[in-house]
Amino acid sequence: MKILIVDKIHPSFNNFLKKANIDYKVNLYESKSKIKRLINEFDGIVIRSRFVIDKQFIDNCKNLKFIARAGSGMENIDSQYAKKYDIHCFNTAEGNSEAVAQHCICLIISLLKNITKSSLEIKSKIWMREENRGFEISSKIIGIFGYGNVGKKLAIYLSLFGCKIIIYDKNKAKYNSNKILQKIYNESDIISININYEKSNYHFCNDNFISNFKKNIYVINTSRGKCLNTKDLITNIKKGKVIGAGLDVLEEENSNFELNKNFKDLNFLNKCDKVILTPHIAGLTYESDKKISEILYKKIIKILKQN
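Cut-offs used in this document
Residues numbered from 1 in each chain as written. Predicted model: local features only at pLDDT ≥ 70, side-chain atom pairs only at ≥ 80, totals over all residues. Heavy atoms only, no water. Pairing = 2+ DSSP bridges. Helix = DSSP H or I, 4+ residues; strand = E, 2+ residues; numbered from the N terminus. Right-handed = clockwise from strand over helix to strand, strands pointing away. Core = buried A, V, L, I, M, F, W, Y, C linked by side-chain atoms within 4.5 Å. Buried < 20%, exposed > 50% of the residue type's maximum accessible area, 1.4 Å probe, protein only. Contact = heavy atoms within 4.5 Å. Axes fitted to C-alpha atoms, helices over the stretch in contact; angles between N-to-C directions. Salt bridge = Lys/Arg side-chain N within 4 Å of Asp/Glu carboxyl O. Parallel < 35°, antiparallel > 145°, perpendicular 65-115°, else oblique. Left-handed = near helix turned anticlockwise from the far one by under 90°. Disulfide = S-S within 2.5 Å.

Colleague: How do you make sense of the pairing of strand E7 (residues 164–168) when you look at a structure like this?
Modeller: Regular strands place their side chains on alternate faces of the sheet. Direction of pairing for strand E6 (residues 141–145) relative to E7: parallel, over a ladder of 5 bridges. Bridging from a neighbouring strand, Ile-141 pairs with Lys-164 of E7. Taken together, E6, helix H7 (residues 149–160) and E7 constitute a β-α-β crossover, and its handedness is right-handed.

Next comes the structure, spelled out in structure tokens:
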């Protein structure tokens, strides 16, 4: 087994490979076209989000047994096409699910308690107490869209606060009924979007979606930016339908998770005190980095044993 690592991974991963006598090469800087020319030397490739592994790239992978994504999400890998060559594709979403779930909690509490807003006011020498009176999270009903690794962790954390939780997941029979969906629309105070990004989830949260909710709501998005229509969100913030939004991801991120500097709607989001923005860092913790490395190694070893 010979593995090509094309993105930065926690050093412990290399140590795991060394102890298992697995040959590997680290190539962090050569272009995608150069890597495509040498990929036939390898049995597996490990990537984060450095470039897209598309059909053209996969057509060069004559000897590849696996494509491993160090992180969650698989949108930069054409895993369906990889099946044509019996290439196993997998991610390590379990590794950062706890970090993302904790980030969701932070965004929710910050919005309910006006933490970010009041902190910025004080830095501008504005001291307002009554105007920043907040809500307790335990008084809110929270709708979780997506009951995968993150959704499950988030539900556990929220239950500790005594929140009422309603779960909807279109891919799980237990959670995909119209009755559940209607219950979320009727009762939710806060919604958290924790779904995978795929074509069918493009602009999952849009004006039509938001209009289904009986109450005015808070929106949390830590999934992918393209799951939320930014213009529709802004429209609903202006109307008061969306009371506040906590966004770790933005629609104008590229495949490397870098933000388009000409993103026109960013100006409004930055100035709006009802919005909290973080730069796609929900899953980035020192602990998750190590967990991803360990899970990645274990999954590769499993493939080795199968071959």
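Colleague: Explain the nonpolar core to me, please; I cannot follow it from the model alone.
Modeller: Proteins that are soluble and globular tend to have nonpolar side chains buried together. Of all hydrophobic cores here, the largest spans 31 residues; its most connected members are Phe-145, Phe-209, Phe-213, Val-219 and Leu-233. In terms of residue count, the dominant contributor to this core is helix H8 (residues 178–187) (4 residues). Here Val-219 is in contact with Ile-191, Ile-193, Cys-205, Leu-228, Leu-233, Val-242, Gly-244, Ala-245 and Gly-246, once residues within four sequence places are set aside. With 25 residues, the next largest nonpolar core counts Ile-105, Ile-108, Ile-142 and Ile-190 among its residues.

Colleague: When you look at the sheet that holds strand E2 (residues 23–26) in this model, what are you seeing that I'm missing?
Modeller: The strands that make up a sheet are held in pairs by hydrogen bonds between backbone atoms, and each pair lies either parallel or antiparallel. The sheet built from 5 strands is open, its strands ordered E2-E1-E3-E4-E5 with parallel pairing. Of all strands in the sheet, those with a lone pairing partner are E2 and strand E5 (88–91), marking the two edges. Averaged over all neighbouring strand pairs, the angle between strand axes comes to 15°, with direction disregarded. In terms of strand pairing, strand E1 (residues 2–5) meets E2 through 4 bridges, oriented parallel.

Colleague: Sorry, what's going on with the pattern of salt bridges here?
Modeller: Pairing is possible between side chains of opposite charge, provided their charged atoms come close. The tally for this structure, following the rule as stated, stands at 18 salt bridges. Lys-291 is the partner of Glu-98 in a salt bridge, and the nearest nitrogen-oxygen pair spans 3.5 Å. Of this pair, Glu-98 sits in helix H5 (residues 97–112) while Lys-291 sits in helix H12 (residues 286–306), and the two are 193 residues apart along the sequence. By relative accessible area, Glu-98 is classed as partly exposed at 26%. By relative accessible area, Lys-291 is classed as partly exposed at 33%.

Colleague: Explanation requested: the packing of H5 against H7 in the structure shown.
Modeller: Helix packing for two helices is described by the angle between their axes and how far apart those axes are. At a minimum axis distance of 8 Å, the contact between H5 and H7 shows a crossing angle of 50°. With respect to H7, the axis of H5 lies oblique. At the point where H5 passes H7, the crossing takes the right-handed sense. Two secondary-structure elements touch here, H5 through Ser-97, Glu-98, Val-100, Ala-101, Gln-102, Cys-104, Ile-105 and Ile-108 and H7 through Asn-149, Val-150, Lys-153, Leu-154, Tyr-157 and Leu-158.

Colleague: In this structure, what is going on with the sheet that holds strand E11 (residues 275–277)? I would like to understand it.
Modeller: Spatially, 6 strands are ordered E7-E6-E8-E9-E10-E11 in an open sheet, and the strand pairing comes out parallel. Either end of the sheet is taken by a strand with one partner, and the two such strands are E7 and E11. Geometrically, the sheet is characterised by an average inter-axis angle of 15° between neighbouring strands, direction not taken into account. Contacts between helix H10 (residues 230–239) and the sheet are confined to strand E9 (217–221), strand E10 (242–247) and E11, with E10 contributing the most and set at about 140° to the helix.

Colleague: Explain the packing of helix H1 (residues 11–19) against H12 to me, please; I cannot follow it from the model alone.
Modeller: Here H1 crosses H12 at 30°, and the two axes come no closer than 8 Å. Relative to H12, the element H1 lies roughly parallel. Handedness of the crossing formed by H1 with H12: right-handed. In contact with Ser-12, Phe-13, Phe-16 and Leu-17 of H1, H12 contributes Ser-293, Glu-294, Leu-296, Tyr-297 and Ile-300.

Colleague: Can you help me understand the environment of Val-219 in this one?
Modeller: Mapped onto the fold, Val-219 is located in strand E9. Distance from Val-219 to Thr-278, taken between C-alpha atoms, is 14 Å for residues 59 residues apart in sequence.

Colleague: Explain the environment of Glu-131 here, please?
Modeller: Secondary-structure assignment places Glu-131 in the loop between helix H6 (115–123) and E6. Classification of Glu-131 by relative accessible area gives exposed; the value is 51%. Taking the C-alpha atoms as reference points, Glu-131 and Asn-114, 17 residues apart in sequence, are found 9.4 Å from one another. Other than its neighbours up to four places away in sequence, Glu-131 contacts Asn-114 and Lys-117.

Colleague: Which parts of the structure should I look at to understand H1?
Modeller: Side chains of residues three or four places apart in an α-helix project in the same direction, reflecting 3.6 residues per turn. Buried residues of H1: Ser-12, Phe-13, Asn-14 and Leu-17, and no others. Lining the buried residues of H1 we find E1, E2, strand E3 (44–47) and H12. Positive phi appears at Asn-21, one or two residues downstream of H1, with a value of about 55°.

Colleague: I'm lost on the state of the cysteines in this one. Help?
Modeller: In a disulfide, the sulfur atoms of two cysteines are covalently bonded to one another. For the structure shown, the criterion picks out 0 disulfides. The thiol of Cys-61 is unpaired, and the distance to the nearest cysteine sulfur, on Cys-89, comes to 9.4 Å. In this structure Cys-61 comes out as buried when scored by relative accessible area, which is 2%. The thiol of Cys-227 is unpaired, and the distance to the nearest cysteine sulfur, on Cys-205, comes to 9.5 Å.

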